[in-house]
Amino acid sequence: MPAAMLLMFPGLEAQLLDATAMARLRGCVDLAETGALPDVDEVSDAEVVVSGWGCPPLDAGRLDRLPSLRLVAHAAGTVRGLVTDELWERGITVTSAAAANAVPVAEFTFAAIVMVGKDVFGIRDRHRNARGTSVVVDHGAIGNRGLRIGIIGASTIGRLVIDRLRTLDVEVVVSDPYLDADGAAALGVRAVDLDELLATSDVVSVHAPALPGTRHLLDADALGRMRDGAWLLNTARGSLVDAAALEAELVSGRLSALIDTPEPEPLPEASPLYDLPNVVLTPHIAGSLGNEVGRLGELAVTEVERFVAGQPPLHPVTQADLDRIA
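Everything quoted here is computed from the prediction, not taken from an experiment.

Asker: Please explain helix α5 (residues 98-117) as it appears in this structure.
Answerer: In an α-helix, one turn spans 3.6 residues; hence positions three or four apart end up facing the same way. When the terminal C-alpha atoms of α5 are compared, their 28 Å separation across 20 residues agrees well with the 28 Å that a helix rising 1.5 Å per residue should span. For α5, every residue scored as buried is listed here: A100, A102, V103, P104, V105, A106, T109, A112, I113, V116 and G117. Directly beyond the C-terminal end of α5, a positive phi value near 55° is found at D119.

Asker: Looking at this model, I keep getting lost on unusual backbone geometry. Mind explaining?
Answerer: The bulk of non-glycine residues show a negative phi, and the bulk of peptide bonds are trans. Cis rather than trans, the peptide bond between E263 and P264 has omega equal to -5°. By secondary structure assignment, the location of P264 is in the loop between β11 (256-259) and β12 (279-281). Omega for the peptide link from E265 to P266 comes to 0°, which places this bond in the cis form. Relative to the helices and strands, P266 resides in the loop between β11 and β12. Its identity as a non-glycine residue notwithstanding, D119 has a phi of 55°, on the positive side. Mapped onto the secondary structure, D119 falls in the loop between α5 and α6 (120-130). Residues other than glycine seldom take positive phi values, yet H284 does so here, at roughly 55°. When you line up the elements, H284 lands in the loop between β12 and α12 (294-308). A residue is classified by how much of its surface remains accessible, and H284, at 31% relative accessible area, is partly exposed.

Asker: I'm lost on the environment of P104 in this one. Help?
Answerer: In this structure, P104 sits in helix α5. Taking the C-alpha atoms as reference points, P104 and R295, 191 residues apart in sequence, are found 10.0 Å from one another. Discounting residues that sit within four places of it in the chain, P104 has contacts with A286, G287, S288, E292 and R295.

Asker: Which parts of the structure should I look at to understand the packing of helix α2 (residues 19-26) against α12?
Answerer: Two measures define how a pair of helices packs: the angle their axes make with one another and the distance between the axes. Where α2 meets α12, the axes come as close as 9 Å, and the angle between the chain directions of the two elements is 15°. By the angle between their directions, the pair α2 and α12 is classed as roughly parallel. Seen along the crossing, α2 lies across α12 with a hand that is left-handed. Of the residues in α12, those touching α2 at A21, R24 and L25 are E298, V301, T302, V304 and E305. Partitioned by chemical class, the residues of the contact of α2 with α12 number four nonpolar, one polar and three charged.

Asker: Even after reading the chapter, I still don't get the sheet that holds strand β6 (residues 148-152), so can you show me in this structure?
Answerer: Sheet strands pair via backbone hydrogen bonds, and the direction of the pair is either parallel or antiparallel. Spatially, β8-β7-β6-β9-β10-β11-β12 is the arrangement adopted by the seven strands of the open sheet, whose pairing is parallel. Each edge of the sheet is formed by a strand with only one pairing partner; in this case those strands are β8 (190-191) and β12. With two bridges joining them, strand β7 (residues 171-175) and β8 adopt parallel strand pairing. Counted as the bridge partner of V174 is A191 from β8. Against the sheet, α5 engages β6, β9 (203-206), β10 (231-234) and β11, with an angle of about 165° to β10.

Asker: Looking at this structure, I do not really get the packing of α5 against α12. What am I missing?
Answerer: Closest axis-to-axis distance for the α5/α12 pair is 8 Å, and the angle between their directions is 150°. Considering the angle they form, α5 stands roughly antiparallel to α12. Relative to α12, the crossing made by α5 is right-handed. Of the residues in α12, those in contact with A99, A100, N101, V103, P104 and E107 of α5 are R295, L296 and L299. Class assignment for the residues of the contact of α5 with α12 results in six nonpolar, one polar and two charged.

Asker: Would you take a moment to explain the pairing of strand β4 (residues 71-74) for this structure?
Answerer: The side chains of a regular strand alternate between both faces of the sheet. By the alternation rule, side chains of β4 split into L71 and A73 and V72 and H74, which are all buried. Looking at chain direction, strand β3 (residues 48-51) and β4 are connected through four bridges and run parallel. The residue bridging V50 from the neighbouring strand is A73, located in β4.

Asker: Explain the sheet that holds strand β5 (residues 93-96) here, please?
Answerer: Taken in spatial order, the five strands make up an open sheet running β2-β1-β3-β4-β5, and their pairing is parallel. Where the open sheet ends on each side, the last strands, each with one partner, are β2 (30-37) and β5. Within this sheet the neighbouring strands show an average axis-to-axis angle of 15°, counted without direction.

Asker: Explain the side chain of H74 to me, please; I cannot follow it from the model alone.
Answerer: Assignment of secondary structure puts H74 in strand β4. Classification of H74 by relative accessible area gives buried; the value is 5%. In terms of polar contacts, H74 uses its side chain to reach the backbone carbonyl oxygen of T78, at 3.2 Å. With near-sequence residues (within four places) excluded, H74 lies in contact with S51, G52, V79, L82, T95, S96, A97 and A300.

Asker: It is not clear to me how the environment of T34 should be interpreted in this structure. Could you clarify?
Answerer: Relative to the helices and strands, T34 resides in strand β2. Judged by relative accessible area, T34 falls into the exposed class, the value being 53%.

Here is what the cut-offs are and how they apply
Residues numbered from 1 in each chain as written. Predicted model: local features only at pLDDT ≥ 70, side-chain atom pairs only at ≥ 80, totals over all residues. Heavy atoms only, no water. Helix = DSSP H or I, 4+ residues; strand = E, 2+ residues; numbered from the N terminus. Expected span 1.5 Å × (residues − 1). Buried < 20%, exposed > 50% of the residue type's maximum accessible area, 1.4 Å probe, protein only. Contact = heavy atoms within 4.5 Å. Axes fitted to C-alpha atoms, helices over the stretch in contact; angles between N-to-C directions. Parallel < 35°, antiparallel > 145°, perpendicular 65-115°, else oblique. Left-handed = near helix turned anticlockwise from the far one by under 90°. Nonpolar A, V, L, I, M, F, W, Y, C, P; charged D, E, K, R; others polar. Pairing = 2+ DSSP bridges. Polar contact = N/O pair within 3.5 Å; in protein donor to acceptor, adjacent residues only side chain to side chain.

In structure tokens form, the structure reads like this:
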């Protein structure tokens, strides 16, 4: 069996790899007994690295101490923190568990869309304040039936959200420069430009990658095109939205927002967003947490099993991919 090692924060392996996953891993590789390592301190004959949060950049110096390395199976989402030019130049296969991490984000987003359509957060506040007396529910302005949901980014997460939205009686439109009409039709949605999506959607959900070209994708002009009373959901990255422009729209009450990933993160203590009734803030919880983390480890183990069996990876990442993925 090929030699393997773990590169991640010490103790993280217990969260990523339960007894079953660890047994699978040990069943296909000779895993070093040193546990999770924060770095590569000496020469290793490892052909396989299972990495996770805390893995250092695999630069020339570290790769020189891993001369046999052929596969990095990353048990987390983005690989940007560990890949280097030297890694690509040596032809080492890299895989990501981003597809596994996408599942809870899509679940969270779907739940949020349902709840904002039912005005759950507003009713919660009014019900709390009413203390048992009658709470007024505006039946003319509540419900999900017939809403238009705008998805920015037909990413892995965006596509999972679209799939879940098929269970609702809603219209879904998508804006993504890499999605054409045929691709949208295959997803059962309609491709539109960003301006139309913003101007016509009741709920706008952001699922684009954080790249230099997408910074402040939603600037003051873009936010100004959103219809009065619309909701903005951001479970992607705060850099996609101009924070000052969004704050102005939210303070005015024209828009509402559910923000899981603000900019800066966390928001400063003095931010007015903490107290606005039309804002729901969560502390970056949409992604894998708790018992959800095990999905990432299981996918990484699957990639290792396929590598050992001579099968192609399910979720490879190439250097060219970094121009369009998170």
